[in-house]
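Take a look at the letters that make up each chain.
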Amino acid sequence: MSLIACLLVFLAAYLLNLLVISVGYHRALAHKAVRLHPVLQRMLVAGGSWITGIDAKSWVVMHRLHHEHSDTPLDPHSPVNVGILGIGAEQLRSYKRVVIGLLKRDPAYTKYTKGLDFDVHVLTRRGRWWLPYVVHGVVGLGLALWGGWMLGVAYFVGMMSHPIQGGLVNSLGHALGGRNFDTRDNSRNNHLAAWLILGEGFQNNHHAYPGSASFSHRAHEVDLGYWACVTLERLGLCSIDRAHLIPRAGGASAPRPAPEVTLPGSHPAAAPR
Ligand SMILES: [Zn+2]
Ligand SMILES: [Zn+2]
């Protein structure tokens, strides 16, 4: 198979993962910044685990813990605590802790499930969390036998890229880059992470306006994830909560940051710098 075909397969798998996590798990389920069409939401909750290998409810709870305790010792993944290189292992440990907490119905974790009217995925409940990895491995092997090893690797690496995607956002987005808002955390706007991970690198903008479907405040901050939301909306597959959108820099009437409605004990409003 040609190099271009392998690249296209990698990009398709990589983008599918990003759309599930960034638009589905993050902007829609965790923050309710986007309301998905009910059919699409059911597909996301049922199929998200199969695509990414990550349980939607556990991801959302871990992410809400991150917003609640950002860059404090209780943050499930902060480079302030473990350094940029320690994030990969830290997010894995935290995810496992959240899964166990939810399965045990521990109130320390279930209190972050507000607005999530679905259970932990059956794969995770029954200890079969590894099955999607095996399925993607088998598909990758089949593609390798059919079209060459590079095609199989492109598919598997693209489909299983979420730990790297998450690691880049969680490390670079809280360590390197400028700040538009004086939030209480160490969040940054990292353009490299934003380009690679559909706008998710603009963590400072996002922590200031967690209820905004867009993570872009300035004109040069390109949030491809928001473009995906707008496209889905035009297709009738979601609606964007425009009341809580982050204001554009230099805009005439900048609204107050949206409260973190889905979280207990939200941070005080962040002030523009
Ligand atoms: Zn963050
Ligand atoms: Zn968030």
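Because the structure is predicted, anything quoted here is derived from the model rather than measured. (Residues numbered from 1 in each chain as written. Chains lettered and ligands numbered in written order. Predicted model: local features only at pLDDT ≥ 70, side-chain atom pairs only at ≥ 80, totals over all residues.)

### Details of the overall build of the protein chain
Scanning the protein chain for helices and strands turns up 13 helices and 4 strands. In terms of overall dimensions, the protein chain is globule-like: its C-alpha atoms have a radius of gyration of 18 Å, near the 19 Å expected for 273 residues. Over its C-alpha atoms, taken along the principal directions, the protein chain stretches across nearly 55 × 45 × 40 Å. Taking all 273 residues of the protein chain together, the buried fraction comes to 47%. Contacts in the protein chain between residues at least 24 apart in sequence constitute 64% of all its contacts with a sequence separation of at least 6. (Helix = DSSP H or I, 4+ residues; strand = E, 2+ residues; numbered from the N terminus. Rg over C-alpha atoms; globule rule 2.2 N^0.38 Å. Buried ≥ 20, exposed ≤ 12 C-beta atoms within 10 Å, placed from the backbone. Contact = placed C-beta atoms within 7 Å.)

### Remarks on helix α2 (residues 38-52)
With 15 residues, α2 extends 20 Å from end C-alpha to end C-alpha; this agrees with the ideal 21 Å at 1.5 Å per step. Of all the bends in α2, the greatest measures close to 45° and is centred on Ala46. All buried positions along α2 are accounted for by Leu44, Val45, Gly48, Ser49 and Thr52. Positive backbone phi, at 80°, marks Gly53, one or two positions downstream of α2. (Expected span 1.5 Å × (residues − 1). Bend = angle between axes of the 7 residues up to and from the residue.)

### Topic: the nonpolar core
By size, the foremost hydrophobic cluster in this structure holds 53 residues, and its most contacted members are Tyr25, Val34, Val61, Tyr155 and Cys229. With 13 residues, the top contributor of residues to this core is helix α1 (residues 3-30). Not counting the four nearest positions on each side in its chain, Tyr25 is found in contact with Val20, Ala30, Gly48, Ala56, Trp59 and Val60. (Core = buried A, V, L, I, M, F, W, Y, C linked by C-beta atoms within 7 Å.)

### A word on unusual backbone geometry
The backbone of Lys32 shows a phi angle near 55°, a positive value even though the residue is not glycine. Secondary-structure assignment places Lys32 in the loop between α1 and β1 (34-36). On the neighbour-count criterion, Lys32 (17 C-beta atoms within 10 Å) is partly exposed. The phi angle at Leu198 is positive, at roughly 45°, despite the residue not being glycine. With respect to the element layout, Leu198 can be found in the loop between α11 (191-196) and α12 (203-208).

### Regarding the environment of Pro79
In this fold, Pro79 is placed in helix α4 (residues 79-82). In this structure Pro79 comes out as buried when scored by C-beta crowding, with 22 C-beta atoms within 10 Å. Pro79 sits 95 residues away from His174 along the chain, and the two C-alpha atoms are 6.6 Å apart. Setting aside residues up to four positions removed in sequence, Pro79 forms contacts with Ile84, Ile87, Ser171, His174 and Ala175.

### Points about the packing of helix α8 (residues 131-147) against helix α9 (residues 149-159)
Angle between the axes and distance between the axes are the two parameters that describe a pair of packed helices. Contact pair α8 / α9: the axes reach a minimum separation of 6 Å and the direction vectors enclose 155°. Classified by the angle their axes make, α8 and α9 are roughly antiparallel. As α8 packs across α9, the resulting crossing turns out to be right-handed. For the pair α8 and α9, contact is made by His136, Gly137, Val139, Gly140, Leu141, Leu143, Ala144 and Gly147 and by Trp149, Leu151, Gly152, Tyr155, Phe156 and Met159, respectively. When the residues that make up the contact of α8 with α9 are grouped by side-chain class, the tally is 9 nonpolar, 5 polar and no charged. (Axes fitted to C-alpha atoms, helices over the stretch in contact; angles between N-to-C directions. Parallel < 35°, antiparallel > 145°, perpendicular 65-115°, else oblique. Left-handed = near helix turned anticlockwise from the far one by under 90°. Nonpolar A, V, L, I, M, F, W, Y, C, P; charged D, E, K, R; others polar.)

### Some points on the packing of helix α5 (residues 87-103) against helix α10 (residues 162-172)
Orientation of α5 relative to α10, taken along the N-to-C sense of each, is 110°, at an axis distance of 9 Å. With respect to α10, the element α5 is oriented roughly perpendicular. On α10, the residues touching Ile87, Gly88 and Gln91 of α5 are Pro163, Gly166, Gly167, Asn170 and Ser171. Looking at the contact of α5 with α10 residue by residue, the classes come out as 2 nonpolar, 6 polar and no charged.

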